[in-house]
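Given next are the chains, with one letter for each unit.
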Amino acid sequence: SVTDSGPPVLESRSIEAVAKYIKENDVNRVVLMVGAGISTSAGIPDFRSPDTGLYANLAFLDLEEPEDVFDIGFFRQNPKPFYALAHELYPGRYRPTIAHSFIKLLYDKGMLLKHFTQNIDCLERQAGVPGEKIIEAHGSFASQRCIECKKPYPNDLMKQMVGTRKVPCCDCGGYVKPDIVFFGEALPRSFFDSMPQVAEADLCIVMGTSLMVQPFASLPQHVGRRVPRVLINMQKVGGFGSRADDVMLLGECDAGVRKFAKAMGWGDELEALWEAT
Ligand code: CNA
């Protein structure tokens, strides 16, 4: 199509060129797509990193397939492995990373259109990003209900049960599960309702995700053809680099956002914001 053609928007595939593009075009509709990699430096393991990821360390849960721990059919039979893991991941024990503060900084600058996260750790909220800007595509630990009768289960009781490694049960006898999306479950409506905003973005930033889980993984493809996409991740994922305006900062998310902030002249501001978190 016509919009597919034309010279690259960026002068070069560098973060400095992205910074120039932001300043010259008054960029104010940034869409982010993130995953577990933005939280690993907070101490929360991701799924798929070779030695440190949860899938490589689930032996203690005695599972045939690591993915089973997030499988709704498996959970119905045996919720114990999930609750062993929930005990590790439960919000309240971790501090947001500087990558989370970078998202807050984009918000403070009036540049954040939408933040799509696969994470269930609530750290972007903790970093001060307002809830209405966040799409928790895979849900979160913020609420929970019975998997059979769907009755909500109280937060304080939930905290107590997870803290003492017990499996919470409903009056009806069904198991209680946090409102996080398991394999085999639908994503929240808000995800699909907000998807069209991806096409309105004037900049896309993808951080800390293997882009292996659909439909989330396809979000970056919905970004306009002539809109720069920045990937900040340990390795190349999701066909990044295929577009002329794809820029990759391969390495740690924290280092990547520091480079990004420096290119924008926001280095000190970002550090101060993070320190105050
Ligand atoms: P994933 O499949 O484990 O991929 C993580 C990606 O991040 C990989 O490409 C890593 O190389 C990369 N990565 C890890 N650490 C860093 C780092 N410090 N800097 C840069 N890159 C890094 O995780 P995804 O999020 O892609 O998979 C989707 C799942 C993971 C979602 O359903 C989440 O709910 C689930 N998850 C969430 C959390 C959390 O909430 N913090 C933790 C573990 C898993």
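Keep in mind that this is a model prediction, so the values were computed, not measured. (Residues numbered from 1 in each chain as written. Predicted model: local features only at pLDDT ≥ 70, side-chain atom pairs only at ≥ 80, totals over all residues. Heavy atoms only, no water.)

Caption draft 1: Here's a closer look at the sheet that holds strand S7 (residues 229-233). Spatially, the 6 strands line up as an open sheet ordered S3-S2-S1-S6-S7-S8, and their pairing is parallel. At either margin of the open sheet sits one strand with a lone partner, and together these are strand S3 (134-136) and strand S8 (246-250). In this sheet, neighbouring strand axes are inclined to one another by 15° on average, regardless of whether the strands run parallel or antiparallel. As paired elements, S7 and S8 share 5 bridges and run parallel to each other. The residue bridging arginine 229 from the neighbouring strand is aspartate 246, located in S8. (Pairing = 2+ DSSP bridges. Helix = DSSP H or I, 4+ residues; strand = E, 2+ residues; numbered from the N terminus. Axes fitted to C-alpha atoms, helices over the stretch in contact; angles between N-to-C directions.)

Caption draft 2: Summary view of helix H1 (residues 15-24). Of the positions making up H1, those classed as buried are Ile15, Ala17, Val18, Ala19, Tyr21 and Ile22. After H1 finishes, the residue aspartate 26 shows a positive phi value of roughly 50°. (Buried < 20%, exposed > 50% of the residue type's maximum accessible area, 1.4 Å probe, protein only.)

Caption draft 3: A look at the site of the ligand. Around the ligand, the structure places 26 residues, and the nearest of them are Arg48, Asp121, His138, Ser210 and Gln235. Between the ligand and the protein, one listed contact pairs an oxygen atom with a side-chain N or O atom of asparagine 233 at 3.1 Å. The contact in question runs from a nitrogen atom of the ligand to an N or O atom on the side chain of glutamate 252, over 2.9 Å. Notes on the ligand: free accessible area 860 Å², of which the protein chains cover 95%. Judged by the fraction of its atoms near the pocket grid, the ligand is located in the largest pocket. Of the residues assigned to the shell around the ligand, the class counts are 8 nonpolar, 14 polar and 4 charged. (Near = heavy atom within 4 Å. Polar contact = N/O pair within 3.5 Å; in protein donor to acceptor, adjacent residues only side chain to side chain. Areas by Shrake-Rupley, 256 points an atom, 1.4 Å probe, with all protein chains shown as cover. 1 Å grid on protein atoms, 1.4 Å probe; cavity = no way out; pocket = protein on both sides within 12 Å on 5 of 7 lines; lining within 4 Å. Sits in = over half its atoms within 2 Å of the grid points. Nonpolar A, V, L, I, M, F, W, Y, C, P; charged D, E, K, R; others polar.)

Caption draft 4: Examining the layout of surface pockets more closely. In this structure, the largest pocket spans a volume of roughly 890 Å³. If you go around the largest pocket, you meet 41 residues; those closest to its centre are Gly35, Ala36, Asp46, Phe47 and Arg48. In this structure, the second largest pocket encloses a volume near 380 Å³. Of all the elements in the fold, those that place two or more residues in the lining of the second largest pocket are helix H2 (72-77), S3, strand S4 (139-146) and strand S5 (176-180). (Points joined across faces, edges and corners; volume = space filled by probe spheres on them.)

Caption draft 5: Geometry of the UniProt feature "binding site: Zn(2+)" (unreviewed entry) in the protein chain. Following the UniProt record, the feature "binding site: Zn(2+)" (unreviewed entry) maps to Cys146, Cys149, Cys170 and Cys172 here. A maximum C-alpha distance of 8.5 Å among these annotated residues, which run over 27 residues, shows that they cluster at one spot. Checked against the lining of the second largest pocket, the annotated residues reduce to Cys146. Residue placement: cysteine 146 occurs in strand S4. Judged by relative accessible area, which is 1%, cysteine 146 ranks as buried. With near-sequence residues (within four places) excluded, cysteine 146 lies in contact with Lys151, Cys170, Cys172, Gly174, Tyr175 and Val176. With respect to the element layout, cysteine 170 can be found in the loop between helix H6 (155-163) and S5. Given the relative accessible area of 11%, cysteine 170 is considered buried. Sequence-distant contacts of cysteine 170, defined by excluding residues within four places in its chain, comprise Cys146, Cys149, Lys151 and Val176. (UniProt positions renumbered as here; feature names shortened; annotations may be inferred. Contact = heavy atoms within 4.5 Å.)

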